[in-house]
There are 2 protein chains.
Amino acid sequence: MELDERKAKILKSIIRNYLETGEPVGSRTISKDDELNLSSATIRNEMADLEEMGLIMQPHTSAGRIPTDKGYRLYVDELMEEERRESKEERNMLIERVDKLETLLTNLAKMLAANTNYTTLVSAPQTSKNKLRFLQLSKVDENSVLAVIMLEGNMVKNTIIKTENVIDEQIVLKLNLLLNSFLTGLSIEDINLGLMTKLKAEAGEYSTVVEELLGAISQMLIDSAPQIYTSGATNIFKYPELTEGEKASELINAFEEKEALNELVTTSMQNKNENEIQIYIGNESPVQSMKDCSVVTASYELGEGMTGVIGIVGPKRMDYEKVVGTLRDLMHQLDTIYKNK
Amino acid sequence: MELDERKAKILKSIIRNYLETGEPVGSRTISKDDELNLSSATIRNEMADLEEMGLIMQPHTSAGRIPTDKGYRLYVDELMEEERRESKEERNMLIERVDKLETLLTNLAKMLAANTNYTTLVSAPQTSKNKLRFLQLSKVDENSVLAVIMLEGNMVKNTIIKTENVIDEQIVLKLNLLLNSFLTGLSIEDINLGLMTKLKAEAGEYSTVVEELLGAISQMLIDSAPQIYTSGATNIFKYPELTEGEKASELINAFEEKEALNELVTTSMQNKNENEIQIYIGNESPVQSMKDCSVVTASYELGEGMTGVIGIVGPKRMDYEKVVGTLRDLMHQLDTIYKNK
DNA sequence: GTTAGCACTCCATAGTCTTGAGTGCTAACA
DNA sequence: TGTTAGCACTCAAGACTATGGAGTGCTAAC
């Protein structure tokens, strides 16, 4: 059976209705509120077909229909009309240019959560691809130095490094100069064996210290899973279908622990095509605990290699159009702000 | 009416029972499992008295009794036997000395939550009382510098400061020396007008820059409400009395937003007597959203002026003995580790 | 002062009815 | 051949009604 235009219209109407109300929608509802003037009986016939095609289902006999995952997928891929975009003024999501990336991302998550009524996550750019702006060593005591690293985009990271050798101010100063001259402008991925050998040679008697430092620094930048900022976890309580049973606990736990979110971010990064927004419906989600949700992600790029992911998690009956629109808008804003900086 | 010994024993038994089961406890239960050999009828008589005294209540006629807030308070103040402390090996809460305070506190919160099955919060020490270990300025671009501040206890903070004047490496270097020589060893509270005047005089033509810097630094240390680390928010789902209605949402929101927690931390700091553990039962809690919970807090001290708060939030029928014991233990461990460092 | 016994209360649970929304099918219609 | 009216049927949700059991308060006896 194929999906002719009328069936498509009916499916669209069913889904639209269900997104709004969350209640199964019956034939009479469709026959009334639609531009297609058909009796409920006709709608019923079509509905039976749509059900046979696996696009909608009944929670039980004598109930209206609700979309299946397959139905949502079709809607999202083909039926949904994007860009009923409001003017940017109305959608007061205006991002101000903030100096610390951390603050920007936190605000972003909060704004999105408040605007959409869903739960949001924003991952910081992967630091392993970020270029080093400069690095600053400071002596803490005889056996430890504080390394502060400023990355492209004003991302600041720091770590305390224990050293075998005793070190003094002089050495720290020297190492500072040395490391900066070698590493500035590079990302962790650019630091290869050849470079390290050269650097150690240059360091002379302090080559072991340099080695320790480099180790700790790359550790910090690679190991530390990218920071993820979240907001609006309690929004899930607004959707009964997400709070029954253990679901609420599982979901909130996922957002508290953040490990699962990493999975999500990674998958989204891998799947991304240029500037594309991805939608995971139900079981399509890479995260088990979100199998009753839909997840919409977008990759943002603040500059060369500085890419991260913004995600919105909500019920399967989320307002996809609004979410996708909002995300596109946001990407656009980020773009213009950061390209003209 | 006064609380004779027998009444006290019965009350204790009732509460113990209720803490375990969460079910109203009836006279027969008490008459059985207790060392006092009394029939249920006698217990009933005593119970009626305890109810009259406002220590226990019936959720409805023909139900067992549950403790009132007043009953809990009496239990906590006088009846509870602390220090059924297990040996420290058993209670595997061993804290390792971690270099970054942030990590330590995060781990602390996690361990506590896992150990107690309640929700925990740990506030970082108030930075305004922390002594400055050193400060490091680095030039970012013509109009901004990165200020990294290392406080006592290896707490690292950083901020980016915009300056009116254009500055170069030389100036940064000079300011670095100047500020460090003046400020090292002081806390924000120690920096008074006199000191600032002297500092500005010393800075000569860069006095305005110095002013900007000092402003931004104190802003960072004072304004930023103390960081609060939380863990185990989803533990509240283990206690049905905390999840009915909107309660779960409210509570989790409090832990997500953290503003309310600040309130809690502040109050707890104010009320603290030397080394004391505080217990807030129900409405005694300074935070409205926790009016159905009990909150146990303890103030820790890592060194001069470096005090923070550890809190445990759970249902009113929490295992007070265990929680208090665990907290005391923890304080002890923190003490020994940090005093011998 | 303590206890056995008894009548009473009230929640929880399960069972029964009723209502209403919605369906599928059939037959008539354009 | 597609559309529609009509009708019997299904099922969840809500209201209402026993029924059982846990627990109480009171009284009278020990």
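For the structure, check the block above.
We now turn to the structure provided with this report. (Residues numbered from 1 in each chain as written. Chains lettered and ligands numbered in written order. Predicted model: local features only at pLDDT ≥ 70, side-chain atom pairs only at ≥ 80, totals over all residues. Heavy atoms only, no water.)

Looking now at the overall build of chain A. Scanning chain A for helices and strands turns up 12 helices and 10 strands. Its C-alpha atoms give chain A a radius of gyration of 26 Å, clearly above 20 Å, the size a compact globule of 341 residues would have. The buried share of chain A, taken over its 341 residues, is 52%. In chain A, of all internal contacts separated by at least 6 residues, the share reaching a separation of at least 24 is 60%. A total accessible area of about 15900 Å² is found for chain A, and carbon and sulfur atoms account for 46% of it. (Helix = DSSP H or I, 4+ residues; strand = E, 2+ residues; numbered from the N terminus. Rg over C-alpha atoms; globule rule 2.2 N^0.38 Å. Buried < 20%, exposed > 50% of the residue type's maximum accessible area, 1.4 Å probe, protein only. Contact = heavy atoms within 4.5 Å. Areas by Shrake-Rupley, 256 points an atom, 1.4 Å probe, with all protein chains shown as cover.)

On the side of chain B, 29 residues touch chain A, which itself brings 29 residues to the contact. Summed over both partners, the interface of chain A with chain B buries about 2400 Å², with 61% contributed by carbon and sulfur atoms. Inspection of the chain A/chain B interface yields zero salt bridges. Inspection of the chain A/chain B interface yields eight residue pairs in polar contact (both at pLDDT 80 or more). Sorting the residues of the side of chain A that touches chain B by element identifies β4 (132-141), β5 (144-151), β6 (155-162), β7 (228-231) and α10 (247-257) of chain A as the ones contributing at least two each. In terms of residue count, the dominant contributor to the side of chain A that touches chain B is β4 of chain A (eight residues). (Buried area = accessible area lost by both parts, 1.4 Å probe. Salt bridge = Lys/Arg side-chain N within 4 Å of Asp/Glu carboxyl O. Polar contact = N/O pair within 3.5 Å; in protein donor to acceptor, adjacent residues only side chain to side chain.)

Another point: the sheet that holds strand β9 (residues 293-301) of chain A. All names here are of chain A. The strand order β7-β3-β10-β9-β8 describes an open sheet built from five strands, whose pairing is antiparallel. Two strands bound the open sheet, and with one partner strand each, they are β7 and β8 (277-281). Here the average twist between neighbouring strands, direction ignored, is 15 degrees. (Pairing = 2+ DSSP bridges. Axes fitted to C-alpha atoms, helices over the stretch in contact; angles between N-to-C directions.)

For the pair chain A and chain B, the best superposition has an RMSD of 0.1 Å and corresponds to a rotation of 180 degrees with a translation of 0.0 Å parallel to the axis. The operation mapping one copy onto its partner corresponds to a two-fold rotation axis. Comparing contact sets, 100% of the residues at the interface of chain A also lie at the interface in chain B, consistent with an isologous, same-surface contact. (Least-squares fit on C-alpha atoms with pLDDT ≥ 70 in both.)

This next bit is on the pairing of strand β8 (residues 277-281) of chain B. Strand residues, when the strand is regular, have side chains that alternate between the two faces of the sheet. Residue and element names in this part refer to chain B. Among the five residues in β8, five count as buried, and that is most of the element. Here β8 shows two buried faces, one formed by Ile277, Ile279 and Ile281 and the other by Gln278 and Tyr280. Note that β8 and strand β9 (residues 293-301) share five bridges and pair antiparallel. Its bridge partner lying in β9, Tyr280 is registered against Val295.

Here the focus is the protein's contact with DNA strand C. Every one of the 20 residues lining DNA strand C counts as a neighbour, but Ser27 of chain A together with Arg6, Thr42, Thr61 and Ser62 of chain B are closest to it. Atoms of DNA strand C within 4 Å of the protein: sugar and phosphate make up 73%, bases the balance. Residue Arg6 of chain B places a side-chain N or O atom 2.7 Å away from a phosphate oxygen belonging to DNA strand C. At 2.7 Å, a side-chain N or O of Thr42 of chain B approaches a phosphate oxygen of DNA strand C. Elements with a contribution of two residues or more to the surface near DNA strand C: α3 (40-52) of chain A together with α3 (40-52) of chain B. For the surface near DNA strand C, the element with the highest residue contribution is α3 of chain B, accounting for four residues. Here the surface near DNA strand C is composed, by residue class, of four nonpolar, 12 polar and four charged. (Near = heavy atom within 4 Å. Nonpolar A, V, L, I, M, F, W, Y, C, P; charged D, E, K, R; others polar.)

Turning to the side chain of Thr116 of chain A, a few remarks are in order. All names here are of chain A. Its place among the elements puts Thr116 in helix α5 (residues 101-116). Here Leu112 takes part through its backbone oxygen, which lies 2.8 Å from a polar atom of the side chain of Thr116. Of note is the side chain of Thr116, whose polar atom sits 3.2 Å from the backbone nitrogen of Tyr118.

Within the secondary structure, Asp4 of chain B is located in the segment before α1 (5-21). Of the polar contacts made by the side chain of Asp4 of chain B, one reaches the backbone nitrogen of Arg6 of chain B; its length is 3.2 Å.

DNA strand D sits among 20 residues. The nearest are Arg6, Thr42, Thr61 and Ser62 of chain A together with Ser27 of chain B. Backbone sugar and phosphate groups make up 73% of those atoms of DNA strand D lying within 4 Å of the protein. Here Thr42 of chain A contributes a side-chain N or O atom positioned 2.7 Å from a phosphate oxygen of DNA strand D. Within the side chain of Arg65 of chain B, one N or O atom sits 3.0 Å away from a phosphate oxygen of DNA strand D. Looking at the surface near DNA strand D, the elements that each hand over two or more residues are α3 of chain A together with α3 of chain B.

Residues and elements named next belong to chain B. Phi is positive for Ser62, which is not a glycine, with a value near 65 degrees. In this structure, Ser62 sits in the loop between β1 (56-57) and β2 (66-67). Ser62 gets classed as exposed once you look at its relative accessible area, which sits at 70%. Residue Asn117 is not a glycine yet carries a positive backbone phi of 70 degrees.

Our next topic: the sheet that holds strand β6 (residues 155-162) of chain B. All names here are of chain B. Spatially, the three strands line up as an open sheet ordered β4-β5-β6, and their pairing is antiparallel. Looking at the sheet topology across the chains shown, the edges are occupied by β4 (132-141) and β6. Strand-to-strand twist across the sheet, computed as the mean angle between neighbouring axes with direction ignored, equals 20 degrees. Sheet topology note: the β4/strand β5 (residues 144-151) ladder contains eight bridges and is antiparallel. Looking at β5, one finds that Phe134 is bridged to Met150. The sheet contacts of helix α6 (residues 169-183) involve β4 and β5, and relative to β4 the element is tilted by about 165 degrees.

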